[in-house]
Amino acid sequence: MTAKNKQPVYIHGYSKEEQDRLYRQAEFMEFLVYRDVNFSQIDNIVEVGCGVGAQTQILLRRFPHLKSTCIDINDSQLKVAKRHLQTLGYAKDRYIIHKMSAEKMTFSDSTFQGAFLCWILEHVPSPSRILSEVRRVLAPGANIYITEVMNFSFFLDPYCPAIWKFWMTLNDCQYDRGGDPFVGVKLGNFLRDTGFTDVHTKMLTLYVDKREPELREKVILHWQDLIMSAVDELVSQSRVTRDHVLAMKKEFKDILKNPNAILFDSFMQAQARVP
Ligand SMILES: C[S@@+](CC[C@H](N)C(=O)[O-])C[C@H]1O[C@@H](n2cnc3c(N)ncnc32)[C@H](O)[C@@H]1O
């Protein structure tokens, strides 16, 4: 069986800690992810792989006329999403949540005016299958926004070998399980192949150094949060040892104190239109 035939397991898991992390991640990255997202001219979107509703809450807040139909395959994520969105007054009556696979949606053709996908295609065996399906349920002229990782771009200075090795082991693990930690760079091809037009891609970059020490600290802590979320999975698979994790923690501690520290990471955002 090739890696691409396997059903991928969501590498960060569905624990309460991970669900809480998704809210922190969405809120922290909002300033970059939403810089050029514009749904102000439309009434409804489909949000594919909505998870715990961490992006939904932002979409509904930023676009007060928008209604979102949110889908995800995981019950536990959807339960948390429902509970959370219910607490937000501004979200009342503006979202519908369905348990559904993005590979085979039950919506009719041309149902939605827009689509939003964030950090989902890296976890699926066939991004093209999902994008074809998204295209089917979008109306002519509808816009899609996809935000995805390019995990080869992560860099820390001074060099942190334990963190780097862990990061590449995490990428290997995701790849072996049928996901794609480098999928961001392929979005242009996928969108073209699945019949979208006006395909635009741009790199969004987190690049912090001593010029903005407070932001730098927040960004490094954000990365520590992300990387530590995969520790249990990689240790349980014997891909890394507990000693390695200790070495990695020490590197994080040191780099957080280092006045010359630099962190760089780019991810991709693609925008396209249904002809
Ligand atoms: C990293 S989470 C991101 C959630 C949300 N977009 C965010 O940014 O917080 C990825 C989500 O995609 C969902 N997912 C994975 N494969 C899916 C599929 N085939 N159909 C629908 N959802 C899927 C997972 O269950 C998970 O909740």
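Being a predicted model, the structure only gives us computed values, none of them experimental.

Reading the values: the criteria
Residues numbered from 1 in each chain as written. Predicted model: local features only at pLDDT ≥ 70, side-chain atom pairs only at ≥ 80, totals over all residues. Heavy atoms only, no water. Helix = DSSP H or I, 4+ residues; strand = E, 2+ residues; numbered from the N terminus. Polar contact = N/O pair within 3.5 Å; in protein donor to acceptor, adjacent residues only side chain to side chain. Axes fitted to C-alpha atoms, helices over the stretch in contact; angles between N-to-C directions. Parallel < 35°, antiparallel > 145°, perpendicular 65-115°, else oblique. Left-handed = near helix turned anticlockwise from the far one by under 90°. Contact = heavy atoms within 4.5 Å. Nonpolar A, V, L, I, M, F, W, Y, C, P; charged D, E, K, R; others polar. Patch = residues over 30% accessible without salt bridge, like charges linked within 9 Å, V, L, I, M, F, W, Y side chains within 5 Å. Areas by Shrake-Rupley, 256 points an atom, 1.4 Å probe, with all protein chains shown as cover. Salt bridge = Lys/Arg side-chain N within 4 Å of Asp/Glu carboxyl O. Buried < 20%, exposed > 50% of the residue type's maximum accessible area, 1.4 Å probe, protein only. Pairing = 2+ DSSP bridges. Right-handed = clockwise from strand over helix to strand, strands pointing away. Near = heavy atom within 4 Å.

**Let's talk about the environment of Asp75**
Okay, step 1: Within the secondary structure layout, Asp75 lies in helix α3 (residues 75-86).
Okay, step 2: Polar side-chain contacts of Asp75 include one of 3.1 Å to the side chain of Lys99.

**Observations concerning the packing of helix α5 (residues 161-176) against helix α7 (residues 213-228)**
Okay, step 1: Running from N to C, α5 and α7 point in directions that differ by 50 degrees, and their axes come no closer than 11 Å. Judged on the interaxial angle alone, α7 and α5 are oblique. For the pair α5 and α7, the sense of crossing is left-handed. Mapping the contact onto sequence places Ile163, Phe166 and Trp167 in α5 and Trp223, Leu226 and Ile227 in α7.
Okay, step 2: Here the contact of α5 with α7 is built from residues that sort into 6 nonpolar, no polar and no charged.

**Here's the deal with a nonpolar patch on the surface**
Okay, step 1: A cluster of nonpolar side chains, contributed by Phe155, Tyr207 and Phe264, occupies part of the molecular surface with about 290 Å² of accessible area.
Okay, step 2: Structurally, Tyr207 is set in strand β7 (residues 197-208).

**A few points about the pairing of strand β4 (residues 112-118)**
Okay, step 1: Among the 7 residues that make up β4, 6 are buried, leaving the element largely enclosed by the rest of the structure.
Okay, step 2: When β4 meets strand β5 (residues 138-149), the two strands line up parallel, connected through 6 bridges. Bridging across to β5, Ala115 finds its partner in Ile144.
Okay, step 3: Handedness of the crossover joining β4 and β5 through helix α4 (residues 127-137) is recorded here as right-handed.

**Remarks on the site of the ligand**
Okay, step 1: The ligand sits among 19 residues. The nearest are Tyr10, Tyr14, Gly49, Asp72 and Cys118.
Okay, step 2: Between the ligand and Cys118, the relevant distance is 2.9 Å, taken from a nitrogen atom to a main-chain nitrogen or oxygen of the residue.
Okay, step 3: In isolation the ligand exposes 600 Å². Once the protein is present, 96% of that is buried.
Okay, step 4: Residue classes in the shell around the ligand are distributed as 11 nonpolar, 7 polar and 1 charged.

**Topic: unusual backbone geometry**
Okay, step 1: Here the amide bond leading from Asp157 into Pro158 is cis, since omega sits at 0 degrees, within 30 degrees of zero.
Okay, step 2: Counting through the fold element by element, Pro158 comes out in the loop between β6 (155-157) and α5.
Okay, step 3: At Trp119, a position not held by glycine, the phi torsion is positive, near 55 degrees.
Okay, step 4: Its place among the elements puts Trp119 in the loop between β4 and α4.

**Focus: the pattern of salt bridges**
Okay, step 1: Summed over the entire model, instances satisfying the criterion amount to 19 salt bridges.
Okay, step 2: Arg136 is the partner of Asp109 in a salt bridge, and the nearest nitrogen-oxygen pair spans 2.7 Å. With Asp109 in the loop between β3 (95-99) and β4 and Arg136 in helix α4, this residue pair connects regions lying 27 residues apart in the sequence.
Okay, step 3: Through salt bridges with shared partners, one network takes in Glu30, Arg61 and Arg62.

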